[in-house]
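Survey of secondary and tertiary structure
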Amino acid sequence: MRYVSTRGKAPVLDFEQAMLSGLARDGGLYLPETVPALSGLNDLDGLPYEEVAFRVIRPFTGDSFTDVELRGAIERAYARIEHAAKAPLHQLAPGHHLLELFHGPTLAFKDFAMQLIAQLFEIALKRSGQRITIVGATSGDTGSAAIEAFRGIDNVDVFIMFPHGRVSEVQRRQMTTPDAANVHALALDGHFDDCQARLKDLFNDHDFRDGVGLAGINSINWARVVAQIVYYVTAAASLGMRDTDFCVPTGNFGDIFAGSMARAMGAPIRRLIVATNQNDILHRALSTGEYRVGEVAPSMSPSMDIQVSSNFERALYLAYGGEAGAIAQLMEELRSGGFTVSQGALQALRAQYVSGRVGEEETLATIRTIRAETGQILCPHSAVGVAVARHHAEPGVPMVTLATAHPAKFPDAVEKAVGIRPALPPHMAGLFDLPERVTRVENDTAALEALILERRTI
Ligand SMILES: *Cc1c(COP(=O)(O)O)cnc(C)c1O
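Scoring rules and cut-offs
Residues numbered from 1 in each chain as written. Predicted model: local features only at pLDDT ≥ 70, side-chain atom pairs only at ≥ 80, totals over all residues. Heavy atoms only, no water. Near = heavy atom within 4 Å. Polar contact = N/O pair within 3.5 Å; in protein donor to acceptor, adjacent residues only side chain to side chain. Helix = DSSP H or I, 4+ residues; strand = E, 2+ residues; numbered from the N terminus. Buried < 20%, exposed > 50% of the residue type's maximum accessible area, 1.4 Å probe, protein only. Contact = heavy atoms within 4.5 Å. Pairing = 2+ DSSP bridges. Axes fitted to C-alpha atoms, helices over the stretch in contact; angles between N-to-C directions. Phe/Tyr/Trp six-rings, centres within 6.5 Å; stacked < 30°, edge-to-face > 60°. Lys NZ or Arg CZ within 6 Å of the ring centre and 35° of its normal. Disulfide = S-S within 2.5 Å.

This part covers the site of the ligand. What surrounds the ligand is a group of 15 residues, the closest being K110, D141, G251, N252 and T404. K110 is positioned such that a nitrogen or oxygen atom in its side chain is 2.6 Å from an oxygen atom of the ligand. Within the contact set of the ligand, an oxygen atom lies 2.8 Å away from a backbone nitrogen or oxygen of N252.

Before going further, it helps to spend a moment on the environment of F65. Among the structural elements, F65 can be located in the loop between α2 (49–61) and α3 (67–78). Given the relative accessible area of 2%, F65 is considered buried. Placed 58 residues apart in sequence, F65 and I123 show a C-alpha to C-alpha distance of 8.5 Å. If near-sequence neighbours (up to four positions away) are discounted, F65 is found in contact with F15, M19, R58, L70, L120, I123, A124 and R127.

Strand order in the open sheet formed by 6 strands is β3-β4-β14-β9-β10-β13, and the pairing between neighbours is mixed. With partners counted over all chains shown, the strands left at the sheet margins are β3 (89–93) and β13 (353–357), one partner each. Each neighbouring strand pair of the sheet contributes to a mean axis angle of 25°, computed without reference to strand direction. As paired strands, β3 and strand β4 (residues 96–100) are joined by 4 bridges and run antiparallel to one another. The residue of β4 that forms the bridge with L89 is L99.

Per the counting criterion, the structure on display carries 15 aromatic pairs. Feature note: the residues Y49, Y78, F112, Y231, Y232 and F246 constitute an aromatic cluster, connected by ring pairs. A cation over a ring is seen here: R71 above F54, with NZ or CZ 3.8 Å from the ring centre.

What follows concerns the state of the cysteines. Applying the stated criterion across every chain yields a total of 0 disulfides. Looking at C247, it has no disulfide partner, and the nearest cysteine sulfur is the one in C379, 13 Å off. Its relative accessible area of 0% is what places C247 among the buried residues.

In spatial order, the strands read β8-β5-β6-β7-β15; together these 5 strands make up an open sheet with parallel pairing. A strand with exactly one partner marks an edge of an open sheet, and here the two such strands are β8 (214–216) and β15 (439–441). Neighbour to neighbour, the strand axes of the sheet diverge by 30° on average, direction disregarded. One ladder, built from 6 bridges, connects strand β5 (residues 132–137) with strand β6 (residues 156–163); its direction is parallel. Bridging from a neighbouring strand, T133 pairs with D157 of β6.

Read these as spatial facts, not as claims about activity.
Have a look at this one:
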């Protein structure tokens, strides 16, 4: 399996190389040249999650890992997800199901990809003897998942930038309390988009990139997208492989893009519904064709508070029929505030994705309504998804909404909605007692580079 950049000017790589590099050297994102079909779709129901994961992921990894290595990585990764089904489906109403992706160690869906790629990185680095420096940008959940997955892994330092003061206390503590020497939490003075922009700067500084062996674990990393295809397939299998709609609380477009890959592999996904909060650039882009960056308005679903949605570039590349030159041009225009999607590409995008947006009041109301109707307490991101799903539901077509985080990760929003603070699961009970380790850093690429060079342990 060969991987090409969305901007067409980076070397073609295999799976392992694409995984270890993250962002392509031309600033683009890697995609497989072709999407493999998944055989035996109707035989998947009832299989362990790990077995489905192996069957889904195997066609993408080519010669990078042996079957034994891949199975071992999958077993170790998902042993830490504390539910026998790993990604259980929970019925909310007739025809509406919640896909619970929050039973992992940091209580958000990010664990599904991060736990796996940490295992795959470890195998690859042991084999090559290479040492790397991972830098990630996070609106909260990616960072905690990465620190949890990579802490103590040999030959890797992990630096995570999060927007200072803009993540929940649980998210912050998950990043600042692990005491492994190879993990470093950085509180950056700025928004999540600033963190993402600095991250891209680091990758585009090729001397720095090569000097520290820079690797990326944001959802621009293709290996993360691959891991996230699996639960679309297990959900579709549980529902009997009937045509099903999926509604996905969306920020950086990684999770929903994995849904489009599941569909391309053959899973019977009818509509993929992009659910956004008040930071609705994706909903506006799909409605009007105008992708224009505005100001981030902090919301109670902070993991979706973004204006530049990195993985949307992959969807654009496919919508433009793989014309890398056109994508490079759009991304150049984005530097000065935005671009207009061509009519043909907009039609292609609309054939793949539907979208909806909900504001803060409706998010709170949805948490209240679902608790009253079912007893289930949603996190605010999942509530955005459920609200949009309810607007788009069609009789006779099952709807699956992805529940992307555990409500205990966002206790303030939940308390505001229903007056109670959900308890953390037992394995996280000590979180508020542990000392925090964090470095404040200005929104400046040179300052970041200096700090990373100074703090590296390898
Ligand atoms: C990351 C995240 C999202 C958005 O996912 P993308 O893949 O960036 O679109 C939604 N909800 C939660 C809880 C998240 O952590």
